[in-house]
Amino acid sequence: MTLDAKIPSGSLAEKWDKHCFAGKLVNPANKKKYSIIVVGSGLAGASAAATLAELGYQVQVFTMHDSPRRAHSIAAQGGINAAKNYQNDGDSIFRLFYDTIKGGDFRAREANVYRLAQISNNIIDQCVAQGVPFAREYGGSLANRSFGGAQVSRTFYARGQTGQQLLLGAYSALMRQVHLGKVTIHTRQEMMDLVVEAGLAKGIVTRDMRTGAIASHAAHAVVLATGGYGNVYYLSTNAMSSNVTAAWRAHKKGAFFANPCFVQIHPTCIPMHGDYQSKLTLMSESLRNDGRVWVPKKSGDKRPPDQIPETERDYYLENKYPSFGNLVPRDVASRNAKEVCDSKKGVGETGLAVYLDFADAIKRDGIETILRKYGNLFQMYEKITAQDPVKQPMMIYPAVHYAMGGLWVDYDLMSTIPGLFVLGEANFSDHGANRLGASALMQGLADGYFILPNTIGAYLSGCAPGVPDKSARVFAETEKNAEAYIARLLAIKGKRTTDDIHKELGKLLWDHCGMARNQSGLQQALARIPEIREEFWHNVLIPGTGKELNQSLERAGRLADFLEFAELMVTDALDRQESCGCHLREESQTAEHEAKRDDEKYAYVSAWQFQGPGESPILHKEPLTFENVTPSQRSYK
Amino acid sequence: MQSKKIDINLKIWRQENADAQGSFEQYSLAGISTDMSFLEMLDVLNEKLTLEGKEPVAFDHDCREGICGMCGAVVNGQPHGPEPGTTLCQLHMRHFKDGDQLVIEPFRARAFRIEKDLVVDRSSLDKIIQSGGYVSVNTGGASDANTIPIAQKTAEQAMDAAACIGCGACVAACPNASAMLFVSAKVSQLALLPQGHPERRERALSMVGKMDELGFGNCSNERECEAACPKGISIRHIARLNREFIKAALFSE
C-alpha cells in the first residue's frame, strides 16, 4: 500500500480553495439521509458534530464523560492563535504558517499547515459570534498576547481559561443541535471497537459505562476525535481518563498510526511531590512572558531563593538564547530544565525543579498588572503547593503534555480506512515534531468547524444514502469479541492493581523515551514492555463485574491498550535516529549539544501498519517535501 | 509549608446503583501526606480496598485541575469540601488535621440521580443548556471578530459568568436544590454580550422553564450556592437573570 496524502496541486494559497471546489457535494436534500458517528466531544469532536448537524447530516456523538463539556480541551489555558494581524506587528497567514511548520521542526506537511493558518481567522470570527468572552482592550477590540516563542502578538485568550471558553462555545453549538433533533448524545459510553466491513468504516461497538451493555451503532462515516495518548506515561498533564483506546483499536483494524514517538514535554508544570501523585498540572506557558527562569549557579545550592544573590543565579535561558530568552520553544525550555537538574542545580525538595521568578516583573509593572494577567494561575499554583508566587518564585518542571503523533490522515482528514476520519489531537496532521503554544485549540477547531465539514461530503457522496445497516455479521462478531475481551480482563484476578502496573510502564517510558533518548535505552524499553504487558495479563486485579459502573475495569482496558501502544511508540523512536522537534536523540547532536535534525534520512512521516499481536509493524514512509519554505536548523540563540 | 503525615477517618456513602439502598461505610487511612490532593487520598483508599478484595469507591473526576467540572462530593456537609473557591480535586489534605473524621456524600438533588457511590447523573444541566444556553449561529457566516466592540468591563463581567464549570455544587448546596446560579451564569453571560441580545427573552424564559420542568427547586435567596461555587460565581447573576426573566415575561408577545 502506498500512502497518498491527496495534497491538491497548485500554489500553497490556492490549494484549499481548489480542493473544496473539486470535492463532490452531497445534495442538500440528501444530507439528512446520511448519518455520522462522532466519538469524542472535545473541541474537535463537538465543533465537527455541531457543524455537520447544521449542514443537515444526522449525527450521533459518543462521549465517555457524563457530559460533552468535560472533555480535556477544557483545560487548555493560554490561548488560540490566529493570523488576524490586529496588532499590525507584521503577522500574516504566511508567517503563522511559517512559524508553525518551523516550530514543528519541518516534520509536517506544508499544505496542511498553510490551510490551518488560513482557517485560523475564521475560527476567531466564529467563536466571537458564539459569545466566547475573549479578553478585550479598553476600546472594545480584541486583545492579543505573544505566546510561547512567537515574535508577534497573535494569541487570543479568555483569561487563563481559553480552552474552557472555546469548548463551551462548541458545546453550546452542539447543545443547540441536540435541541433541534439533529444530534443524539450518548454519554458515559466507551468505544470498544471500530466496525470495518469490506474495508470501510461502518460503525462502532460501545460499552455503556453504567450498565456494561455492549451495543452496535452503524453510520456512513465514523469520526474519531478522541484526543492524545500522553497518559501512556502515567503522569502527564492530560485528564485522568485521556486514553489511546479508540485510536489504538482503530489502528488494529487497519488505520495507520503516524509518528507515535512525537510527544511534547511541556516546560512549565508543577513539579512532582510524591509516589501517590496522580497527575501533573500545567501552568500556562504564558507565564514565561513575564517570569524569569533560573537556578543557582552552584550545584547543590540548597539556600532558599531569597538568600541567593543575583550574581549567584543562572538565568540559563536568557544567557544561552539572548534573542528569545525565556520565550524559547517548549522543547528547548524543557530540555534545558532537565539539563540543569541533571547537573544537580535543580531546586526544591526533589531537586527536580527550576525557579520561575516574577519578582522583576512585579517591580516593573506593579503587582496589579501581574495579577490581572496571571492571577488565576497564581491561585491554582498556591492551591496545589501552598506557596504564593508573589512572595517566592514558582517552581516548575517539564511534564508530558501533548501528542503530536496520532492516526495518519490524508488532506481530507481521512485515515487509511475509508470512512474513518480523525480530528484534533487524535490525528498527526499539523504539528510535525513539536506543537507551538496556542496551536492545539486552533487545530482542533479548524478540523471540526471548517475542514471535515468540507471534506466529508466527497466521501459520503460515494455512499448510498439511507438508514445504515447494522445487521451485518461483522457487528455481531465485533460485539462478541468485546464481550469476550471484558470477560478475559475480569478473569485474571491477579495481585497488582492497574495503577501499579501503569506506573511501572510510565516510568520506563519517561526514563527511556522522554525528552532525550538513545538507542540502548530505547532497546531496553522495547525489551521490557512485553514483560510488563505479560505481567498485566497474568497478574492484574480488577474488582467487580462487567455489568455495572466499574471504574477499575475502565482503567484496565485503557492500560491494556497503552501497553500495546507503548511498544509502537518506542519502535518509532528507535527508527528515528535524529533529534527533532520535541526530542533529543543523544546520538544526533551538534558540537554545542543542540539537537541535530537529519533531513536527508528522516524527512518523512512514519506511518505504521499493524500486523497482529506480537508481530512487528510495517513502516510506511510518507516523504515530506518543502517547496515554499527552506528547512533550516532551528536556532534560538 | 512542610508536608507531614496524618491519619484520617472516612465515612463514605456507598450505593450499588441508582435503585439500591445506600448507606455509610467507615474506613480509616494512616500516614496520608498533607501534600496529597483529596482525590489522591481517595485513590490511596481505593488501591487499598482493591488489594483487600473489596469494591473501591466510585467517584467522578477527570482533569484534576479544577476546570472540567466532573468531580464533586459533599465533604462534612459542604459541596467540594471546606476550602472556598476550590473544587474537590484541588482541595489538599493540608486543610485537615490528624485524626479528623470526614463524611463524604454524593451531590444530592431530585434532578441528580445517584449512579453509584459518589457518582451522580447531572445530564439535567445539559438539558437546561439545550433549551437556550447558546447564540443561534451556524458555522461559517460570522463577520470579522472586531466588528462589534465590547467594552472591556462588559467582557470581563461576561467572563466572570462564563467561568461556570457546570459541576452542580450550587444545586447540591441549595436547600431547594435549585439550579438558579447555574442558569443565571449562562443567561448573564449572553445577556451582557451583544451577540446574545437577539434571543435574550426566549432564552431566559425557556431556560428557567426547563429548570422547573426537570425538578430543580426555586431560589429563596439562601446564598448557599455562591458560597459553594468553586469558581466564585456571584449571585448578582441571579439578580440579572431575574431582571431578564421579568422583562421577558412582561414584554414578550
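Here the structure is a predicted model, which is why all the values come from computation and not from measurement.

Peer 1: Honestly, empty space enclosed by the protein in this entry has me stumped. Any pointers?
Peer 2: Take a probe with the size of a water molecule and roll it over the atoms, and the empty space left behind shows itself. According to the stated counting rule, one finds 15 cavities of 30 Å³ or more in the structure shown. Quantified by volume, the second largest cavity comes out at close to 440 Å³. Lining the second largest cavity are 30 residues; nearest its centre among them are Gln 551, Glu 554 and Arg 555 of chain A together with Phe 59 and His 61 of chain B. Every element with two or more residues in the lining of the second largest cavity is listed here: α15 (551-575) of chain A together with α1 (38-51) of chain B. Considering only residue class, the lining of the second largest cavity consists of 11 nonpolar, seven polar and 12 charged.

Peer 1: Before we go on, may I ask you to explain the pattern of salt bridges in this structure?
Peer 2: Any two side chains of opposite charge can pair if their charged atoms end up close together. All names here are of chain A. Counted according to the given criterion, the structure contains 66 salt bridges over all chains. Residues Asp 99 and Arg 154 are paired through a salt bridge, measuring 3.0 Å at the closest nitrogen-oxygen approach. In this pair, Asp 99 is assigned in helix α3 (residues 93-103) and Arg 154 in the loop between α4 (110-130) and β4 (155-156), connecting sequence segments 55 residues apart. Each of Asp 105, Arg 107, Arg 576, Glu 578, Arg 597 and Asp 599 takes part in one network of salt bridges that share partners.

Peer 1: When you look at the sheet that holds strand β7 (residues 200-208) of chain A in this model, what are you seeing that I'm missing?
Peer 2: Adjacent strands of a sheet form backbone hydrogen bonds with each other and so pair up, either parallel or antiparallel. Residues and elements named next belong to chain A. Read across the open sheet, the three strands follow the order β6-β7-β8; overall the sheet is antiparallel. Every interior strand has two partners, whereas the edge strands, β6 (189-197) and β8 (214-218), have only one. Between one strand and the next, the sheet's axes are offset by a mean angle of 25 degrees, whatever the strand orientation. Summarising the sheet, β7 and β8 pair through five bridges and their orientation is antiparallel.

Peer 1: Even after reading the chapter, I still don't get helix α10 (residues 367-385) of chain A, so can you show me in this structure?
Peer 2: Helical geometry: 3.6 residues make up each α-helical turn, so side chains three or four residues apart lie on a common side. Residue and element names in this part refer to chain A. Helix length check: α10, at 19 residues, gives a terminal C-alpha distance of 21 Å against a target of 27 Å (1.5 Å per residue), a shortfall beyond 12%. At Tyr 374, α10 is bent by approximately 75 degrees, the largest bend along its length. Among the residues making up α10, those that are buried are Ile 370, Tyr 374, Gly 375, Leu 377, Phe 378, Met 380, Tyr 381, Ile 384 and Thr 385. Lining the buried residues of α10 we find α9 (359-365) and β15 (394-403).

Peer 1: What is the right way to look at the side chain of Asn 46 of chain B in this model?
Peer 2: Residues and elements named next belong to chain B. You can see Asn 46 is positioned in helix α1. For Asn 46, a relative accessible area of 8% puts it in the buried group. At a separation of 2.6 Å, a polar atom in the side chain of Asn 46 contacts the main-chain amide nitrogen of Val 57. Beyond its immediate chain neighbours, meaning those up to four positions away, Asn 46 contacts Pro 56, Val 57 and Phe 59.

Peer 1: Looking at this structure, I do not really get the sheet that holds strand β10 (residues 257-258) of chain A. What am I missing?
Peer 2: All names here are of chain A. As summarised here, the arrangement of the four strands in space is β16-β10-β20-β21, forming an open sheet in which the pairing is antiparallel. With partners counted over all chains shown, the strands left at the sheet margins are β16 (406-407) and β21 (618-623), one partner each. Pairing of β10 with strand β20 (residues 604-609) involves two bridges; the strand directions are antiparallel. Residue pairing for β20: Phe 257 is matched across the bridge by Trp 608. The sheet strands contacting α15 are β10, β20 and β21, and the helix crosses β20 at an angle near 145 degrees.

Peer 1: Got a minute to help me understand the interface of chain A and chain B in this structure?
Peer 2: Quoted interface sizes are often the accessible area lost when the parts come together. Of the residues lining the interface, 77 residues belong to chain A; the matching set on chain B comes to 77 residues. Between chain A and chain B lies a buried interface of about 6400 Å² when both sides are counted; carbon and sulfur atoms form 49% of it. In this assembly, chain A and chain B are joined by seven salt bridges. For the side of chain A that touches chain B, the secondary structure elements donating two or more residues are α2 (43-55), α4, α5 (162-179), α10, α11 (440-460), α13 (498-512) and α15 of chain A. Here the side of chain A that touches chain B takes 10 residues from α5 of chain A, the largest share from any one element. In terms of residue class, the side of chain A that touches chain B is made up of 29 nonpolar, 28 polar and 20 charged.

Peer 1: When you look at the domain arrangement of chain A in this model, what are you seeing that I'm missing?
Peer 2: All names here are of chain A. Taken domain by domain, chain A holds domain 1 (32-263 + 402-460), domain 2 (265-400) and domain 3 (473-619). Summarising the inter-unit geometry, the C-alpha centres of domain 1 and domain 3 are found 23 Å apart. The interface of domain 1 with domain 3 comprises 53 residues on the first partner and 54 residues on the second. Per-residue buried area on domain 1 facing domain 3 is highest for Arg 107, Tyr 233 and Tyr 234; these three make up 16% of the total on that side. Our count for the contact surface shared by domain 1 and domain 3 stands at five salt bridges. A salt bridge links Arg 107 to Asp 599, with the nearest nitrogen and oxygen atoms 2.9 Å apart. Run the count over domain 1 and domain 3 and you get 19 residue pairs in polar contact (both at pLDDT 80 or more). Those elements giving two or more residues to the side of domain 1 that touches domain 3 turn out to be β6, β7, β8, α6 (245-252) and β10. For the side of domain 1 that touches domain 3, the element with the highest residue contribution is β6, accounting for seven residues. For the side of domain 1 that touches domain 3, a count of residues per class yields 29 nonpolar, 13 polar and 11 charged.

Peer 1: When you look at the packing of helix α14 (residues 519-539) of chain A against α15 of chain A in this model, what are you seeing that I'm missing?
Peer 2: Axis angle and axis distance: for two packed helices, these are the angle between their axes and the distance between the axes, and together they describe the pair. Residue and element names in this part refer to chain A. Where α14 contacts α15, the axes come no closer than 9 Å and their chain directions differ by 160 degrees. Taken together, the axes of α14 and α15 are roughly antiparallel relative to one another. Considering how the two elements wind past one another, α14 and α15 form a crossing that is left-handed. For the pair α14 and α15, contact is made by Gln 519, Leu 522, Gln 523, Ala 525, Leu 526, Ile 529, Pro 530, Ile 532, Arg 533, Phe 536 and Trp 537 and by Ala 556, Leu 559, Ala 560, Leu 563, Glu 564, Ala 566, Glu 567, Val 570, Thr 571, Ala 573 and Leu 574, respectively.

Peer 1: Please explain unusual backbone geometry as it appears in this structure.
Peer 2: As a rule of thumb, non-glycine residues mostly have phi less than zero, and peptide bonds are mostly trans rather than cis. For Phe 106 of chain A, which is not glycine, the phi torsion reads 55 degrees and is therefore positive. Its place among the elements puts Phe 106 of chain A in the loop between α3 and α4. For Phe 106 of chain A, a relative accessible area of 0% gives the class buried. You will see that Ala 177 of chain B, though not glycine, has its phi angle at about 50 degrees, which is positive. Mapped onto the elements, Ala 177 of chain B comes out in the loop between α4 (169-173) and α5 (180-192).

Peer 1: Any chance you could explain a nonpolar patch on the surface here in plain terms?
Peer 2: Taken together, the side chains of Ile 246, Leu 250 and Phe 251 of chain B define a hydrophobic patch exposed on the protein surface, amounting to about 340 Å² of accessible area. Along the chain, Ile 246 of chain B turns up in helix α8 (residues 236-251).

Peer 1: Please explain the domain arrangement of chain B as it appears in this structure.
Peer 2: Residues and elements named next belong to chain B. Domain assignment breaks chain B into domain 1 (5-105) and domain 2 (124-251). Domain 1 puts 10 residues into the contact, and the matching count from domain 2 is 10 residues. Across the interface of domain 1 and domain 2, roughly 690 Å² is buried in total on both sides, 63% from carbon and sulfur atoms. On the domain 1 side of the interface with domain 2, the three residues burying the most area are Gly 69, Pro 79 and His 80, jointly 50% of the side's total. Inspection of the domain 1/domain 2 interface yields zero salt bridges. Linking domain 1 with domain 2 are one residue pair in polar contact (both at pLDDT 80 or more), by the criterion used here.

Peer 1: What should I look at first to understand the layout of surface pockets in this one?
Peer 2: Residues and elements named next belong to chain A. By volume, the second largest pocket amounts to about 840 Å³. Around the second largest pocket sit 37 residues that line it, and Gly 348, Glu 349, Tyr 381, Gln 387 and Met 395 are the ones nearest its centre. At the level of elements, β14 (354-357) and α10 are the ones that each hand at least two residues to the lining of the second largest pocket. It is α10 that provides the largest number of residues to the lining of the second largest pocket, a total of three residues. Classifying every residue of the lining of the second largest pocket gives 18 nonpolar, nine polar and 10 charged.

Peer 1: Just checking my understanding: could you explain the packing of α5 of chain A against α11 of chain A for this structure?
Peer 2: All names here are of chain A. The N-to-C vectors of α5 and α11 enclose an angle of 10 degrees; their axes lie 11 Å apart at closest approach. In this view, α5 runs roughly parallel relative to α11, as classed from their interaxial angle. Residues Thr 162, Gly 163, Leu 166, Gly 169 and Ala 170 of α5 touch α11, and the partners they reach there are Leu 441, Leu 445 and Tyr 449. Residue classes in the contact of α5 with α11 are distributed as five nonpolar, three polar and no charged.

Criteria and cut-off values
Residues numbered from 1 in each chain as written. Chains lettered and ligands numbered in written order. Predicted model: local features only at pLDDT ≥ 70, side-chain atom pairs only at ≥ 80, totals over all residues. Heavy atoms only, no water. 1 Å grid on protein atoms, 1.4 Å probe; cavity = no way out; pocket = protein on both sides within 12 Å on 5 of 7 lines; lining within 4 Å. Points joined across faces, edges and corners; volume = space filled by probe spheres on them. Helix = DSSP H or I, 4+ residues; strand = E, 2+ residues; numbered from the N terminus. Nonpolar A, V, L, I, M, F, W, Y, C, P; charged D, E, K, R; others polar. Salt bridge = Lys/Arg side-chain N within 4 Å of Asp/Glu carboxyl O. Pairing = 2+ DSSP bridges. Axes fitted to C-alpha atoms, helices over the stretch in contact; angles between N-to-C directions. Expected span 1.5 Å × (residues − 1). Bend = angle between axes of the 7 residues up to and from the residue. Buried < 20%, exposed > 50% of the residue type's maximum accessible area, 1.4 Å probe, protein only. Contact = heavy atoms within 4.5 Å. Polar contact = N/O pair within 3.5 Å; in protein donor to acceptor, adjacent residues only side chain to side chain. Buried area = accessible area lost by both parts, 1.4 Å probe. Domains from an automatic or database assignment. Parallel < 35°, antiparallel > 145°, perpendicular 65-115°, else oblique. Left-handed = near helix turned anticlockwise from the far one by under 90°. Patch = residues over 30% accessible without salt bridge, like charges linked within 9 Å, V, L, I, M, F, W, Y side chains within 5 Å. Areas by Shrake-Rupley, 256 points an atom, 1.4 Å probe, with all protein chains shown as cover.

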